Amino acid sequence: ALEVRGNSMVPKIMDGDVVVVAPCPDPRSGQIVVTRINSDGEVTLKKFQKDNGAILLVPENPEYQTRILTPDSNIKILGCVIALHRRF
């Protein structure tokens, strides 16, 4: 489980929500994934899409831009979100 920091997935996933993540080596388009980009350890939570060989990491929040990564990008899919816990 991971505690979410940031608002790129608002309104679906909010800052402070806890997501449960399971391994998924080959995610389907539309699944929400946790990824590590580059060797600097940047981790992000976004909707996964494939488009003509490119990998798109799509935020829910329109204030953020979609990241487009090539197949040779240094990206590792850490898992897919399978559950969400929100504190009230």
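Details of the structure are given in the entry above.
This section reports on the structure supplied with the text.

Attention shifts here to the side chain of Ser8. In this structure, Ser8 sits in the loop between strand S1 (2-3) and strand S2 (18-22). For Ser8, a relative accessible area of 13% gives the class buried. Looking at Ser8, its side chain comes within polar contact range of the side chain of Lys46, at 2.9 Å. Setting aside residues no more than four positions away along its own chain, Ser8 makes contact with Leu45, Lys46, Pro59, Glu60, Asn61 and Tyr64.

A separate point is the state of the cysteines. Scanning all chains against the criterion turns up one disulfide. Two residues, Cys24 and Cys80, share a disulfide whose sulfurs are 1.8 Å apart. Between Cys24 and Cys80 the disulfide shows an S-S torsion of about 85°. By sign, it is right-handed. Linking Cys24 in the loop between S2 and strand S3 (32-37) with Cys80 in strand S7 (residues 75-85), this pair joins segments that are 56 residues apart in sequence. Neither residue differs from the other here; Cys24 and Cys80 are each classed as buried.

A few words on unusual backbone geometry. Here the residue pair Val10 and Pro11 is connected by a cis peptide bond, since its omega of 15° sits within 30 degrees of zero. Inspection of the secondary structure assignment puts Pro11 in the loop between S1 and S2. Even without being a glycine, Asn52 presents a positive backbone phi close to 50°. Positionally, Asn52 belongs in the loop between strand S4 (42-51) and strand S5 (54-58).

Tracing the sequence through the fold places Met9 in the loop between S1 and S2. Distance in space between the C-alpha atoms of Met9 and Asp40 is 22 Å, their sequence separation being 31 residues. Leaving out residues up to four positions away in the same chain, Met9 has contacts with Ile32, Leu45, Lys46, Lys47, Val58, Pro59, Glu60 and Asn61.

Turning our eyes to something else, we now look at the sheet that holds S1. An order of S1-S2-S7-S3-S4-S5-S6 is seen for the seven strands of this open sheet, with the pairing classed as antiparallel. Each having just a single partner strand, S1 and strand S6 (67-69) make up the two edges of the open sheet.

Taken across its five residues, S5 has five buried, putting it largely inside the fold. Where burial is concerned, the two faces of S5 agree: the one with Ala54, Leu56 and Val58 and the one with Ile55 and Leu57 are both buried. Where S4 and S5 come together, five bridges link them in antiparallel fashion. Within S5, the residue paired with Phe48 across the bridge is Leu57. Counting the residues that bridge the hairpin from S4 to S5 gives two residues, and of these Asn52 lies at a positive phi of roughly 50°. Of the pairings in the sheet, the one linking S5 to S6 comprises three bridges and is antiparallel in character.

Cut-offs applied
Each chain has its residues counted from 1, running along the sequence as written. Where totals are concerned, whole chains, interfaces and linings use all residues; where local detail is concerned, this predicted model gives features only for residues with pLDDT of at least 70, and gives and counts side-chain atom pairs only at 80 or more. Hydrogens are left out, water is left out, and the side-chain values use all remaining heavy atoms of the structure. Where helices and strands are cited, they refer to DSSP runs of H or I of at least four residues and of E of at least two residues respectively, numbered from the N terminus. Relative accessibility decides the category of a residue: with a 1.4 Å probe and only protein chains considered, values under 20% of the type maximum give buried, values over 50% give exposed, and everything between is partly exposed. We call two N or O atoms a polar contact when they sit within 3.5 Å, provided that within protein one can donate a hydrogen and the other can accept it, with sequence-adjacent residues counted only if both atoms are side-chain atoms. In this analysis, two residues are considered to be in contact whenever any of their non-hydrogen atoms come within 4.5 Å of each other. Note on terminology: disulfide denotes any pair of cysteine sulfur atoms within 2.5 Å. Pairing between strands is defined by DSSP: at least two bridges between the two strands are required.

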